[in-house]
Every structure is written in C-alpha cells, then in structure tokens.
Amino acid sequence: MSDPAAVRRALRALFSPLGCPDPYPHYAVLREHGPVSRLPDGTVVVSRHADCDRVLRDPLFRVEDDAYLARTWPEGRDHLSVFSLMGEMVNQNSPHHERLRRLVGRAFTPRRVAGLRPAVEKLVDGLLDGLAERAAGGAPVDLMEHFALPLPITVIGELLGIPEEDRAWFAPRVQAVTSAIEQNLAGEALERADEATAELWDRLGALAARRQEDPRADLVSTLIAVREEDGDRLTRRELLANLVLLYSAGYETTSNLIGNGTAVLLDRPDLLARLRGEPERIDAWVEEMLRFDPPIQIASRWAGEDTELGGVAVAQGSQVVALLASANRDPARHGDPDVFRPDRAPGGSLTFGAGAHYCLGAALARLEAAIAFPRLLARFPSIAHAGTGAPRNRMTSLRGYAELPLLLS
Ligand code: HEM
C-alpha cells in the first residue's frame, strides 16, 4: 500500500546532506510504500531487489559517461579530477566499457589476486603486531586507523607495484577523490580532488615511465604491456585514470567491509564467539557481512530511453538511483533479511553490483577480509568496543566508520 508522506520522510532522511546514521528502517518504508519513488529533483529511487538488479543489468540504464557530462556539465572536463573520473571504466558505457574492462581484466586476473595471498597474510600479521603493541596496558586502539585503512591501501600498492616507502603517500589523496565523489563533485571537495588527482597522475605517470623502461611482474607493468590482437592498448589517460580507479574503488570500500563487519560482531557477542569456533567458514561469514551492511549503498544510472520500472513510467534522461543496501534487505529475496545469518545460502546480494560493471576487485576484497577476520580473532581472545563511541563518516552512498576504538587483549 502506498503512503506518500512516509515515503517523503524516508527519502528526506536518506538523502539529507548530513547523511543517515541508520538507513535500514527507511529502506524498509520505501520497499513497502514506494518501491519506485522520486526525489524532489525528479531522480527515480528504486529499493526492491528485482528493480535494483534490473537497473544494474539492463544496458538501457547507462552510467554517467563523457557524453552525458558534455550535455549536463560541459565545463566539468576542465576539472582534472572529473576528466580522470570520466576515463575510468566504471564511467563508460558499451562499447568503450567492454574494451577497457577487457584490457584491464587481462592484467588484473584471478591468478594475480590469488597470488597476493602470502603478501596479504604477512601484512595482516604485521598490522596485528602493531595493534597488540598499541593495545598493551588496556589502551583503546582505533581499528580503522591502524588496521582497516592501512590494509587495503597497502595491498593495492603491492598489486600495482608501488615502492613500499611510497604507499602511505597515496591514502589521503585517494580519500580526497572519494570524498569529492560522495559530495557530488562540488565546492572545496572538488578543488581538493583536482589537486589530489594532479599529484596522483604525476606519481603514477612517473612509475609507469619507469616500468616502461624496466618492466617488473607488477600490474602497472602488465597494464602497459597488454595489447589486444589488433594492437589496441590503453592510452595514457586510460592507464592513469584506471590506476586511480583501482585505488579509489579498492581502498575505503574494503576498509569499511572490515570496519562494518567487526562492528556487527561486537554488537552480537554470540556471533563473535561462534565465528571464533568456525574460522574455516569465514567465506560464508564475509558474504553475510557484505550483504548485511554494505560499504557502497547506492549505484547511479540514467535512462537512455523511455521505459518503466515496477509499473512507473521513467522518461528518457531521468536519473535513477538503485539502493543496493536496500535490495540486500528485501524480504522477497532473503528470508529474515534484518537478521545476520552466516549460514544463509550464498548469492543474491548486490553489494558488488551486477551486470557489466560487476566489481572487478570482488575477489580481492573477499580475500583480504577472509584473511583479516580469523587472524584478528585468533590474535585477540578478547575484543570489545572501547566505549568511546564509533562515529560514522560515510553514511549514505558509502557507509563506514570514521573511528572504531577497541579494547584488545
Ligand atoms: C568490499 C569492497 C568492495 C565493494 C563493496 C565494491 C563495490 C563495487 C560496486 C558496487 C561496483 C559497481 C558500481 C556500479 O555498478 O556503478 C564496483 C565496481 C568496481 N570495483 Fe569494486 N568494490 C570493492 C572492492 C574493490 C577492490 C578491492 C577493487 C580493486 C582493487 C575494486 C575495483 C572495482 C572496479 C575497477 C570497478 C569497476 C568495474 C566496471 O566498471 O566494470 N573494487 N565495486
């Protein structure tokens, strides 16, 4: 049954500029009372699994690419960060998207990801040593700062072949790019992202030039070398933009998987105890963490033609927002969706998207989490909130904690 007032309240809460600390009850209102609803600016918002899945898979719904930008914000290209974003595969439609995905996919293979396991294990153990040192004597330790954030940024550095001493340099610059995307590429956030992108392009460009001269086994060298049979290869813009994409897509997303997953375990001591007893089932636990509180809550598209969604007319050119995290809690797809159940049948979550743009790094994110959680639990027989609060900084389109202070012993 529709309830327009409840739908308006839910949309206002979800899309408030301050973000929404607990979006899940609002998603439930939308699924029930307005599964295809509209924001005041006309953006169509879909919240049920079936509609979100269609928006992601149906090529009629297009990502915002160069052509879209030229129509809606032609001066956008003057911003280096926007020019770089538009060179990323995630902002390209067919046929450009397939071409980029094929070229990058030839370098970023399942074998290369699996080959990172020993490096990730070593890195996790090193970070756990650091946590143990900081936690000695009962001091609270921030899991985000000292574990969840350094892990993925270092792993991407390892994957790309960034020299070890340079890896910490990337974190604030990549965060500046991500924050600007979250704040709709406007204001000071956009200026910071332009500066950060210029610095990232310089650094990555210099690295690419070194690898061109002296190739190694890393992803940057392979990306420079990959060619299609017809000789097609990445241009300089495509190479640099998609290196920045790997950094920005793989960094805070994976950090927030670790942070959000840890918070679920701490809120439910029975779950924490259960996972300690079955670390061999970690893959299923990670799947449920991904479904339950996903690091990316939203995916955006626009309608390339007039169409309909759930019986509602959608005009050509309309923005469409798919609430991935709401789809993951749709009772039509998952029984007891608000209950964390690590024994669910796998599959059906939209956390990594679906269709042509399905996350290229899903296997890497899963690998990092599957190594991180059992080792964290094995190292610390006691893990608890430090009682100083756990503020979120990413809430609506990205979701994660700014800090997660813990007592570890
Ligand atoms: C838990 C961690 C992660 C989550 C939740 C996540 C989520 C997503 C989602 C939802 C999309 C699709 C966006 C859309 O359709 O508009 C996506 C795309 C992508 N992700 Fe991830 N991601 C994660 C980790 C990673 C990692 C570790 C990497 C690589 C280092 C990565 C690289 C990419 C790339 C390159 C794309 C674009 C694919 C394309 O356009 O074809 N992601 N990711």
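Please read all numbers here as calculations on a predicted model, not as lab measurements.

## What to know about the overall build of the protein chain
If you tally the helices and strands in the protein chain, you get 19 helices and twelve strands. Over its C-alpha atoms the protein chain spans a radius of gyration of 21 Å, differing by no more than 12% from the 22 Å that the globule rule assigns to 409 residues. With the C-alpha coordinates aligned to their principal axes, the bounding extent of the protein chain is approximately 60 × 60 × 40 Å. Sorting the 409 residues of the protein chain into buried and exposed places 54% on the buried side.

## Looking at the pairing of strand 12 (residues 405-408)
Strand direction decides the pairing type here: strand 4 (residues 141-142) and strand 12, joined by two bridges, are antiparallel. Its bridge partner being in strand 12, valine 141 is matched across the sheet by leucine 406. Here strand 9 (residues 383-385) pairs with strand 12 via three bridges, running antiparallel. In the sheet register, alanine 384 faces strand 12, and the bridge partner there is leucine 407.

## Details of the sheet that holds strand 8 (residues 319-323)
Paired through their backbone hydrogen bonds, the strands of a sheet run either parallel or antiparallel. What the five strands build is an open sheet, ordered 1-2-8-5-3; its pairing is mixed. Each end of this open sheet is capped by a strand with a single partner; those strands are strand 1 (36-38) and strand 3 (61-62). Direction of pairing for strand 2 (residues 44-46) relative to strand 8: parallel, over a ladder of three bridges. Residue valine 46 lies in a different strand from strand 8, and its bridge partner there is alanine 322. Across the sheet, helix 3 (residues 49-57) touches strand 1, strand 2, strand 3, strand 5 (298-303) and strand 8, and the angle it forms with strand 8 is around 125 degrees.

## As for helix 19 (residues 362-379)
Side chains three or four residues apart in an α-helix point the same way, a direct result of the helix having 3.6 residues per turn. Here helix 19 is 18 residues long and its end C-alpha atoms lie 26 Å apart, about the 26 Å a rise of 1.5 Å per residue gives. Among the residues of helix 19, Ala362, Leu364, Ala365, Leu367, Glu368, Ala369, Ala370, Ile371, Ala372, Phe373, Leu376 and Leu377 are the ones counted as buried.

## Observations regarding the site of the ligand
Taken together, 27 residues form the shell around the ligand, and within it His97, Arg101, Arg301, His357 and Cys359 come nearest. In this structure, an oxygen atom belonging to the ligand sits 2.7 Å away from a side-chain N or O atom of histidine 97. Within the side chain of histidine 357, an N or O atom sits 2.7 Å from an oxygen atom of the ligand. Residue assignment for the shell around the ligand shows that the elements contributing at least two residues are helix 6 (96-107), helix 14 (236-250), helix 15 (252-267) and helix 19. Among the residues making up the shell around the ligand, the classes are represented as 17 nonpolar, eight polar and two charged.

## Thoughts on the side chain of threonine 351
By the secondary structure assignment, threonine 351 is in the loop between helix 18 (324-327) and helix 19. A polar side-chain atom of threonine 351 sits 2.6 Å from the main-chain carbonyl oxygen of leucine 290. Among the polar contacts listed, one links the side chain of threonine 351 to the side chain of asparagine 328, at a separation of 2.8 Å. Setting aside chain neighbours within four positions, we find threonine 351 in contact with Leu290, Arg291, Pro294, Pro295 and Asn328.

## Details of the nonpolar core
In terms of nonpolar packing, the biggest core is built from 88 residues, with Leu131, Phe147, Leu160 and Phe170 touching the most fellow members. When residues in this core are grouped by element, the largest group, eleven residues, is from helix 19. Setting aside residues no more than four positions away along its own chain, leucine 160 makes contact with Asp218, Leu219, Val220, Leu243, Leu246 and Tyr247. In this structure, Val36, Val46, Leu309 and Leu324 belong to the second largest nonpolar core, which totals 18 residues.

## Examining the environment of arginine 102
Tracing the backbone shows arginine 102 in helix 6. Along the primary structure arginine 102 and glutamine 175 are separated by 73 residues, whereas in three dimensions their C-alpha atoms are 27 Å apart.

## Details of the coordination of the iron atom of the ligand
With respect to protein ligation, the iron atom of the ligand binds only Cys359 (SG), at 2.3 Å. Among the structural elements, cysteine 359 can be located in the loop between helix 18 and helix 19.

## So, the pairing of strand 8
Taken across its five residues, strand 8 has four buried, putting it largely inside the fold. Here strand 5 pairs with strand 8 via five bridges, running antiparallel. Residue pairing for strand 8: tryptophan 302 is matched across the bridge by glutamine 319.

## Quick word on unusual backbone geometry
One can expect most non-glycine residues to show negative phi and most peptide bonds to be in trans. Cis geometry is adopted by the peptide bond preceding proline 95, which originates at serine 94 and carries an omega value of 5 degrees. The topology assignment puts proline 95 in the loop between helix 5 (80-86) and helix 6. We note that asparagine 184 has phi near 55 degrees; this positive angle belongs to a residue other than glycine. Note on placement: asparagine 184 falls in the loop between helix 11 (167-182) and helix 12 (187-213). Accessibility expressed as a relative area gives 66% for asparagine 184, which makes it exposed. With phi around 50 degrees, leucine 185 is a residue other than glycine that occupies positive phi space. Mapped onto the fold, leucine 185 is located in the loop between helix 11 and helix 12.

Calculation rules
- Along each chain, residues carry numbers from 1 onward, in the same order as the chain's sequence is written.
- The predicted nature of this model means local features are confined to residues of pLDDT at least 70 and side-chain atom pairs, given and counted, to a pLDDT of 80 or more, with totals for whole chains, interfaces and linings taken over all residues.
- To get the side-chain values, all heavy atoms of the structure are used, and hydrogens and water are removed first.
- Note on conventions: DSSP H or I runs of at least 4 residues are helices, E runs of at least 2 residues are strands, and numbering of each starts at the N terminus.
- Just to be clear, the radius of gyration here is over C-alpha atoms, and the globule rule we use is 2.2 Å times residues to the power 0.38.
- With a 1.4 Å probe rolled over the protein chains alone, any residue whose accessible area is under 20% of its type maximum counts as buried; one over 50% counts as exposed, and the rest are partly exposed.
- Two strands pair under a simple rule: DSSP has to find at least two bridges between them.
- Residue contacts follow a heavy-atom distance rule, with two residues in contact if any of their heavy atoms lie within 4.5 Å.
- Lines fitted to C-alpha atoms define the axes here, with helix axes fitted over just the stretch in contact, and angles between the N-to-C directions of these axes take values from 0 to 180 degrees.
- To estimate how far a helix should reach, multiply one less than its number of residues by 1.5 Å.
- Near residues are defined by distance, with any heavy atom within 4 Å of the molecule or strand qualifying the residue.
- Pairs of N or O atoms are called polar contacts if they sit within 3.5 Å, as long as, within protein, a hydrogen donor faces a hydrogen acceptor (for residues adjacent in sequence, only side-chain-to-side-chain pairs).
- Gly is put with the polar residues, along with every residue not named as nonpolar or charged; the nonpolar set is Ala, Val, Leu, Ile, Met, Phe, Trp, Tyr, Cys and Pro, and the charged set is Asp, Glu, Lys and Arg.
- Only buried Ala, Val, Leu, Ile, Met, Phe, Trp, Tyr and Cys residues count toward a nonpolar core, and they belong to the same one when joined by side-chain atoms within 4.5 Å.
- Metal coordination here is assigned from N, O and S atoms located within 2.8 Å of the ion, or within 3.2 Å for Na, K and Ca; omission of water means that sites may look incomplete.

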